[in-house]
Amino acid sequence: MSASTIARQCTLCEAHCGILVTVEQYRVTRIEGNPQDVLSNGYICPKATAMGGLHHDPDRLRTPVRRVGASFEPVGWEEAFQEIGQRLRKVRREHGPSAIGMYLGNPAAHSSSVLYAILLRAVLLTRNFFSASSIDQFPQEFVAWRMFGSNVLMPVTDIDRTDRLVVLGANPAVSNGSITTMPNVKQRIRAVRRRGGKVVVIDPRRTETARLADQHVAVSPGGDVYLLLAMLHVLVTEDLCDEAAIRSVSTGWDQVCALVAEATAERMAPLAGVDAQTIRVLAREHAAAASAVLYARVGVSQQVTGTLTHWLVNMINAVTGNLDRPGGQMFATPPVDVARYTKYLPVGYGAWTDRSGAYKSFRSELPVVVLAEEILAEGEGQVRAMISYAGNPVLSTPQRGRLSAALESLDFYVAVDMYITETTRHADIILPPVSPLEREDVNILFPVFSVRNNLRYDARVFDPPADGLEDWQIMARLITEMLPLPARRFSGRVLNAVFDRISPVRVASWGVAVGPYGVLRRGRKGLTVAKARAAGGGIDLGPLRPRLRSLIGTKDRKVRLAPEDFVAAARVVLDDARQGKALTTPAEGYDLKLIGRRHLRSNNSWLHNVPAMVRGRHRCTALMHPVDAAGRGLSDGELVAVSSPIGSIVVPLEVSADIRVGTVAIPHGWGHGESGVGWTVAASVPGANVNLLHDPALTDMFSGAAAVNSTWVAVTRAPAGSGGGTGVGAVERE
Ligand SMILES: Nc1nc2c(c(=O)[nH]1)N[C@H]1C(S)=C(S)[C@@H](COP(=O)(O)OP(=O)(O)OC[C@H]3O[C@@H](n4cnc5c(=O)[nH]c(N)nc54)[C@H](O)[C@@H]3O)O[C@H]1N2
Ligand SMILES: Nc1nc2c(c(=O)[nH]1)N[C@H]1C(S)=C(S)[C@@H](COP(=O)(O)OP(=O)(O)OC[C@H]3O[C@@H](n4cnc5c(=O)[nH]c(N)nc54)[C@H](O)[C@@H]3O)O[C@H]1N2
Ligand code: SF4
Ligand SMILES: [Mo]
């Protein structure tokens, strides 16, 4: 058989770079960037080749499996669905709809199957819905909802046109951008500087992104809220904002001015860990630039002040005139104009709470930090069955190490995943979708957050196996099983036949047809999925255009600069600071701040089974400044115990001046050493689970998102013989 090359996308991270996949004899022999792709223009990162590695991975499940004792055995799809239906319906009948919990993981958002998962969630009518969003962008959505009237209106950083890019709490040179889809960020950052602009990175670590910047400001972890309040103070007191312009498009300016009246750069400097003059210059330069944008992501979301910080980020962009204008924060005009209609959907904040009453629902879900507790705590409303889809919360969320036991205690657990992971190993049945290379798709979510408007089509590389199901088909079958159908066997069959006709690509085609570029508006010249498909690299629909007025969901169509509870909370933060009270107080003996970090060849918890992704130096290390290491008598490469008040892990120490004194950084997504996990390569380099250190009770004060970057730890030499689990091992298999 001769070689063939197919254009599609790498769906591993939000960049969704265009790739060319060459196949010979049913094997992927080459993956390279697609130069015709309208968004990534030929760029790929080293992870792209993992698309082939995943497809051919012998550990990837090809058929549904059922747990028998400590192991799993293959089971047919029909049998599996019937058992799942019966057992889930039984739980619902006996304990009510909320006794079935559901967890949606990150990769769910990387295919249109997520639409069907949302439908399943609606059919379940459960209050116990959780997702990775509550350890990720919840604060940003919360802010978007309060400032712009819709949680979907998280602004996009117009990196390609800005004169000044200030990055805080993000490392896009590694992550390739998130909630701002911008493949090949490095090139885009270099371009800012090439056209005479300035790039600043505010981060406790001198990151890969910081190396590309003109300036690196090593803020103290969690210090951003003070830094931004002080920047606002400078903007107000030095009269650097166009007040009339602000008042014409927003409300709350007076409250903002009152709030920051006392937040001088001198007062805030020690709290931010940044000197006053630097803060003043940051403010002045942001105001003076022809266009400027603050871009913030998970580093500041995963803080107790996640919402407050993202609010101040949007605020500073807005009051310096950089909201909804080229080079600032903008909103895309995607081919399926999701944001236009979401303002009519309720976000359901506080519609219900977790059983302790501590956390309000937001976006009709509960924060994931209560997941283990909602399963384990007995009584009315207890979760007794779970559906997980594309998630690994045992590794990716803080649960005091109790989630494994919690999942094990369930009456029934069904996982939709292609691996037996630290999480899914507790399932009664695992339903694996076909590999990403076996599905076609038109992603309608990421164009909402892309730096250029576009429509791209994702082609199948391989035909799926005859009995293979895609995630959306699995979701559809689960929906059918959970609907209260009068004559289940008959109506179930009819429904399945109906669902078979509404594939994601079809839904996208309809969405595009009625969208801003579609045939309904533009006639024959209109955009269609077929045209995007024929184009090979998708269709570029131009740069972002100002449009907030048509999208905004506030009643008066003005931006709410000063939601009352945000202002009140910020005032408490400032009052506390005046009294010398920090945001989080360390328990006795915990003297270092722990933050996260990502690696270019890693993707949360699930690429560690592809040999090419874990080759080389072990990466699950604690990064520490030489001063801190010397102070503890520790040296590079030795094993250290990192402990918080709730847990302890052992990892190798990596000493580097790239991290701020008083801070350590450990990546998440490791800890593959548990027994029964089906990841043989990952198990040979297990690393340790950093989420065992994070206290689930530490959350963003508004959205309930896990505040993992607000953790205090102690680091000591590891007791002799405690290396198990660090997995500084070698990778044998190719
Ligand atoms: N301490 C700490 N914890 C963190 C973070 C941090 O910075 N620090 N980051 C957080 C963030 S931002 C996120 S998004 C979460 C991620 O948290 P999760 O989404 O819970 O975890 P992932 O590691 O992404 O696991 C994805 C799972 O989906 C499976 N999978 C992959 N593709 C598919 C598919 O197409 N279909 C199906 N059905 N399954 C698939 C994989 O096999 C894997 O088991 O982690 C969070 N956890
Ligand atoms: N290679 C790779 N790419 C990925 C992923 C991956 O795991 N690997 N995950 C994907 C996912 S799910 C997501 S959500 C995105 C996330 O994308 P990013 O938001 O870019 O995530 P990180 O790389 O974790 O960057 C967070 C940065 O915040 C810094 N930080 C920590 N605490 C603070 C603080 O208090 N203040 C400030 N100013 N900075 C702080 C950290 O040092 C770190 O550099 O990446 C996506 N892309
Ligand atoms: S940046 Fe890398 S992992 Fe992300 S989509 Fe592009 S090639 Fe894939
Ligand atoms: Mo994420």
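Cut-offs used in this document
Numbering of residues starts from 1 in each chain and follows the order in which that chain's sequence is written. The naming scheme follows written order: chains are lettered A onward, ligands numbered 1 onward. The model is predicted, so local features are restricted to residues of pLDDT at least 70 and side-chain atom pairs to those at 80 or more, both for listing and for counting; the totals for chains, interfaces and linings are taken over all residues. The basis for the side-chain values is all heavy atoms of the structure; hydrogens and waters are excluded. Like charges are joined within 9 Å and nonpolar side chains (Val, Leu, Ile, Met, Phe, Trp, Tyr) within 5 Å, but only among residues with over 30% relative accessible area and no salt bridge; these make up the patches. The Shrake-Rupley method, run with a 1.4 Å probe sphere, supplies the accessible areas, and residue values consider only the shown protein chains as cover. When a carboxyl oxygen of Asp or Glu lies within 4 Å of a side-chain nitrogen of Lys or Arg, that pair is called a salt bridge. Positive charge is attributed to Lys and Arg, negative charge to Asp and Glu, and no charge count is given to His or to the chain ends. To locate a charge, take atom NZ for lysine, CZ for arginine, CG for aspartate or CD for glutamate. A run of H or I in DSSP becomes a helix once it reaches four residues, and a run of E becomes a strand once it reaches two; helices and strands are each numbered from the N terminus. The buried label applies to any residue whose accessible area, calculated with a 1.4 Å probe on protein chains only, is under 20% of its type's maximum; exposed applies above 50%, and partly exposed to all values in between. The axes are straight lines fitted to the C-alpha atoms, using for helices just the contacting stretch, and the angles between their N-to-C directions are given from 0 to 180°. Orientation categories follow fixed angle ranges, with anything under 35 degrees roughly parallel, anything over 145 roughly antiparallel, 65 to 115 roughly perpendicular, and all other angles oblique. By convention, the crossing between two helices is left-handed when the near helix turns anticlockwise from the far helix through less than a right angle, and right-handed when the turn is clockwise. Working rule for contacts: check all heavy atoms of both residues, and any pair within 4.5 Å makes them a contact. What fixes the domain bounds is an automatic or database domain assignment. The term polar contact refers here to a pair of N or O atoms within 3.5 Å; inside protein, the definition further demands a hydrogen-donor-capable atom paired with an acceptor-capable atom, and it admits residues adjacent in sequence only when both atoms are side-chain atoms. Three residue categories are used. Nonpolar comprises Ala, Val, Leu, Ile, Met, Phe, Trp, Tyr, Cys and Pro, charged comprises Asp, Glu, Lys and Arg, and polar comprises the others, including Gly.

## Considering a positive patch on the surface
The grouping of R340, R521, R522, R545, R549 and R557 at the surface amounts to a positive patch. Relative to the elements of secondary structure, R549 occurs in helix α23 (residues 548-551). Exposure remark for R549: the relative accessible area of 55% places this residue in the exposed category.

## Side note on the packing of helix α4 (residues 138-148) against helix α13 (residues 306-319)
At a minimum axis distance of 8 Å, the contact between α4 and α13 shows a crossing angle of 55°. Between α4 and α13, the angle is such that the two are oblique. Helix-helix and strand crossings are classified by hand; for α4 and α13 the assignment is right-handed. In this structure, α4 contributes P139, Q140, F142, V143, M147 and F148 to the contact, and α13 contributes G306, T307, H310, W311, N314 and M315.

## Digging into the domain arrangement of the chain
Its domain assignment divides the chain into domain 1 (4-56), domain 2 (65-132 + 344-436 + 474-484), domain 3 (158-325 + 552-570) and domain 4 (584-732). One C-alpha centre belongs to domain 1, the other to domain 4; they are set 31 Å apart. Facing the eight residues of domain 1 at the interface are eight residues of domain 4. Applying the counting rule to domain 1 against domain 4 returns zero salt bridges. At the junction of domain 1 and domain 4, the tally comes to two residue pairs in polar contact (both at pLDDT 80 or more). Considered class by class, the residues forming the side of domain 1 that touches domain 4 number five nonpolar, two polar and one charged.

## Considering the pattern of salt bridges
Opposite charge on two side chains makes pairing possible when the charged atoms of those side chains draw close. Taken as a whole and assessed by the stated rule, the structure comprises 43 salt bridges. Across the pair R146 and D565 runs a salt bridge whose closest N-O atoms are separated by 3.0 Å. On the criterion of sequence distance, the pair formed by R146 in helix α4 and D565 in helix α24 (residues 564-578) is long-range, its members being 419 residues apart. Exposure remark for R146: the relative accessible area of 15% places this residue in the buried category. When its relative accessible area of 28% is taken as the criterion, D565 is described as partly exposed. Of the charged contacts in the structure, one is a salt bridge between R267 and E262, with a shortest N-O distance of 3.6 Å. Taking the relative accessible area as the measure of exposure, R267 reaches 43% and is therefore partly exposed. E262 sits in the partly exposed class, given a relative accessible area of 46%.

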